Every structure is written in C-alpha cells, then in structure tokens.
Amino acid sequence: MATQLFEGKEHASYYQKYRFSPPQDIQDMIISYLGEKLPKPHVLAVDVGCGTGQSTRILAPHFERVLGTDISEAQIEEAKKAAGFSNITFSASPAEEVPLGDASVDLITACAAVHWFNIEKFLKEVDRILKPHGCLAFFSYLPSMEVHYKNRTEMSKVFTEVEDVLAQYKHEKVHHVQTAYKEIYEAIPYTDKKRLVDMVTKIPMTLAELIGFIQTFSMFQTFLSREPEKAKDFIKTTEQRFLEIMEVSSNETKVDVWLNNVLVLASKPK
Ligand SMILES: C[S@@+](CC[C@H](N)C(=O)[O-])C[C@H]1O[C@@H](n2cnc3c(N)ncnc32)[C@H](O)[C@@H]1O
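Source: prediction; values computed, not measured.

Draft legend 1. Expanded view of helix α9 (residues 207-216). Burial analysis of α9 places nine of its ten residues in the buried class, which makes it a mostly covered element. Listed as buried for α9 are Leu207, Ala208, Leu210, Ile211, Gly212, Phe213, Ile214, Gln215 and Thr216.

Draft legend 2. Molecular detail of the environment of Thr201. By the secondary structure assignment, Thr201 is in strand β7 (residues 193-206). Owing to a relative accessible area of 9%, Thr201 belongs among the buried residues under this scheme. In this structure Thr201 touches Pro23, Val257, Trp258, Leu259 and Asn261, once residues within four positions along its chain are discounted. For Thr201, the side chain forms a polar contact with the side chain of Asn261, separated by 2.9 Å.

Draft legend 3. The arrangement of the nonpolar core in detail. By size, the foremost hydrophobic cluster in this structure holds 56 residues, and its most contacted members are Leu107, Leu166, Leu210, Ile214, Phe217, Phe242 and Val255. In terms of residue count, the dominant contributor to this core is helix α11 (residues 228-246) (seven residues). The residues contacting Leu210, other than those within four sequence positions of it, are Val147, Phe159, Met205, Phe242, Val255 and Val257. Within the second largest apolar cluster, 34 residues are counted, among which are Val98, Trp116, Leu136 and Leu142.

Draft legend 4. Representation of the state of the cysteines. Across all of its chains, the model carries zero disulfides by this definition. Cys135 carries a free sulfur, and the closest cysteine sulfur to it, the one in Cys111, is 17 Å from it. By relative accessible area, which is 1% here, Cys135 ends up buried.

Draft legend 5. Quick look at the packing of aromatic side chains. Summed over the entire model, instances satisfying the criterion amount to seven aromatic pairs. Lying over the aromatic face of Trp258, Lys202 brings its terminal NZ or CZ to 4.0 Å of the ring centre.

Draft legend 6. Local environment of the packing of α9 against α11. Look at α9 against α11: their axes get within 11 Å of each other, and the N-to-C directions meet at 150 degrees. Between α9 and α11, the crossing angle belongs to the class labelled roughly antiparallel. Relative to α11, α9 is oriented so that their crossing is right-handed. Between α9 and α11, the residues in contact are Leu207, Ala208, Leu210, Ile211, Ile214 and Gln215 and Ile235, Thr238, Glu239, Phe242, Leu243 and Met246, respectively. Considered class by class, the residues forming the contact of α9 with α11 number nine nonpolar, two polar and one charged.

Basis of the calculations
- Residues numbered from 1 in each chain as written.
- Predicted model: local features only at pLDDT ≥ 70, side-chain atom pairs only at ≥ 80, totals over all residues.
- Heavy atoms only, no water.
- Buried < 20%, exposed > 50% of the residue type's maximum accessible area, 1.4 Å probe, protein only.
- Helix = DSSP H or I, 4+ residues; strand = E, 2+ residues; numbered from the N terminus.
- Contact = heavy atoms within 4.5 Å.
- Polar contact = N/O pair within 3.5 Å; in protein donor to acceptor, adjacent residues only side chain to side chain.
- Core = buried A, V, L, I, M, F, W, Y, C linked by side-chain atoms within 4.5 Å.
- Disulfide = S-S within 2.5 Å.
- Phe/Tyr/Trp six-rings, centres within 6.5 Å; stacked < 30°, edge-to-face > 60°.
- Lys NZ or Arg CZ within 6 Å of the ring centre and 35° of its normal.
- Axes fitted to C-alpha atoms, helices over the stretch in contact; angles between N-to-C directions.
- Parallel < 35°, antiparallel > 145°, perpendicular 65-115°, else oblique.
- Left-handed = near helix turned anticlockwise from the far one by under 90°.
- Nonpolar A, V, L, I, M, F, W, Y, C, P; charged D, E, K, R; others polar.

Spatial relationships are all this shows, so hold off on functional conclusions.
The following block contains the structure:
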C-alpha cells in the first residue's frame with residue numbers, strides 16, 4: 001500500500017516555504033552522468049515524489065520537457081502555484097504508475113522520496129519508461145545533520161536531541177534513509193550503477209528556516225497529528241534553546257546546516 005504522510009494542505013505549504021533545492025554538486029553530478037550515458041538532445045525528464053517542485057524546477061534548463069509527479073494532490077497543488085518554467089508540468093500520480101509512454105524518458109529523478117515508494121513496482125516502472133541508456137538518479141540527505149553557529153558546539157547537540165525525540169514517530173520506511181539506500185541500490189536490476197555516500201553539503205539558512213525545515217519532516221508531522229499541543233511546545237522550546245545558545249533574540253539570524261547526502265545513479269542497458 002502506498003505511504004501517504006504528505007497529504008495535509010498545511011504540510012504542503014510548509015514544504016513550499018521551507019524545503020530547499022537539491023545541492024548544486026548533486027545536480028551537476030546527475031546531469032554530467034546523464035551526458036556520459038546518453039548523448040544530447042535530452043528531451044524528457046520526470047521527477048517522481050516531487051513534493052512542491054523544488055527538485056523539479058532545477059531540471060528545466062536541461063530538458064525540452066519536465067514532468068513532476070507526486071501521489072499527494074496537496075503537494076501538486078502547491079507545486080503548480082509556485083512561479084515556474086513553461087516546460088514543466090505537474091501531475092498527481094504515483095511513482096509506480098508514471099503517465100508516460102514506454103521508453104520515452106531520458107532521466108528519472110527522486111529527491112528524498114524513493115524510500116516511500118513500493119520499490120519493486122517502482123523499479124519495474126523505471127525500466128518501462130526509460131529509454132535505452134536513460135538514467136535513474138535518486139538521492140537524499142541522511143540523519144545526523146549538523147547545525148553550526150560560530151563555535152557553539154551545543155547547536156548540533158540540540159539538533160541530535162531533536163532527531164532522538166522525533167525518532168519515536170518514525171515510519172518503518174525511513175530505515176532506507178538510515179542505511180543510505182543500500183537495499184534499494186542493490187535491487188536496481190542494472191549493472192551500470194553506483195552509490196555515492198559521505199557527500200557533505202553546507203546550507204546557510206535562518207534559524208526560522210531551520211525550525212520550518214524541521215516541521216516538514218514526516219516524523220514531526222506524525223508527532224503533530226498524534227499530540228498537537230506537545231508538538232507545538234516542542235518546536236517553541238527547540239527554537240528557544242537555539243536562541244539561548246546563540247545569545248541572540250532574532251530567529252532571522254543565519255546558521256549553517258551541514259547535510260550528509262547519498263546519491264544513487266544507474267543507467268538502463270541498451
Ligand atoms: C520528503 S518529500 C520530498 C519532496 C521533494 N522531492 C523535495 O525534495 O522536496 C517525499 C514526497 O514523496 C511523495 N510520495 C510518497 N509516496 C509516493 C508515491 N508512491 N508516489 C509518488 N510520490 C510519493 C510524498 O507525497 C512527498 O511529497
């Protein structure tokens with residue numbers, strides 16, 4: 001059965017506001033891998049589990065057409081509202097049933113999403129829609145993020161405690177992220193594939209944006225739906241703790257979030 005933890009309209013608007021685009025290094029690695037495997041022109045890309053489209057819009061300059069799909073109507077509604085590119089369309093549909101023809105797609109991407117899919121069905125769908133030598137690229141940031149502000153080492157400690165509290169609301173599929181997509185990588189039926197780990201990217205954001213980002217986590221959303229008052233207090237207390245460590249009063253103060261990423265790349269044989 002599909003996992004639908006991203007259906008709420010409020011959750012989708014948090015997504016639109018607080019999720020950031022995939023790191024530039026990862027974008028570059030994907031486009032250059034595709035270039036090695038399949039000569040230009042690159043016509044069609046699909047970003048599955050696209051959420052509100054941050055991971056879709058980055059593809060627009062590289063393809064004639066881009067499709068973003070997501071199982072959540074609320075996420076797709078937000079994706080359509082955001083200013084975009086004329087060559088992108090969005091569709092509310094599952095990653096296991098992409099509304100595109102056989103052997104029609106140059107690149108399939110999934111950002112922080114593949115672990116939610118039915119992997120067996122998704123990989124069959126990938127094989128159906130990819131052109132020969134077309135590529136699949138999926139990636140995610142991993143747990144154990146670090147938060148940096150000046151030399152305040154307690155910032156990351158607070159973040160680790162946040163992750164520990166949220167862990168009790170974790171869906172079982174999140175284990176794929178904790179194991180850096182090892183099982184999903186092994187299930188890809190192509191020999192031409194690679195899994196890159198330990199890629200650290202540093203993202204500057206305000207403390208308010210960090211607090212908003214935490215609220216996009218599926219674990220936090222589960223916490224909020226089960227114990228709304230406790231979850232809201234938890235967010236307030238967390239922000240307060242960060243402010244005290246930083247010795248500032250404004251949540252517009254910038255911090256650096258260090259993310260550890262995994263990237264899987266694969267190419268369909270001829
Ligand atoms: C963590 S979000 C990532 C969104 C976006 N790619 C990003 O990077 O911000 C995961 C998304 O996967 C979607 N999703 C979950 N299961 C899905 C499925 N079977 N097919 C398509 N989308 C799915 C959710 O609705 C959610 O929007």
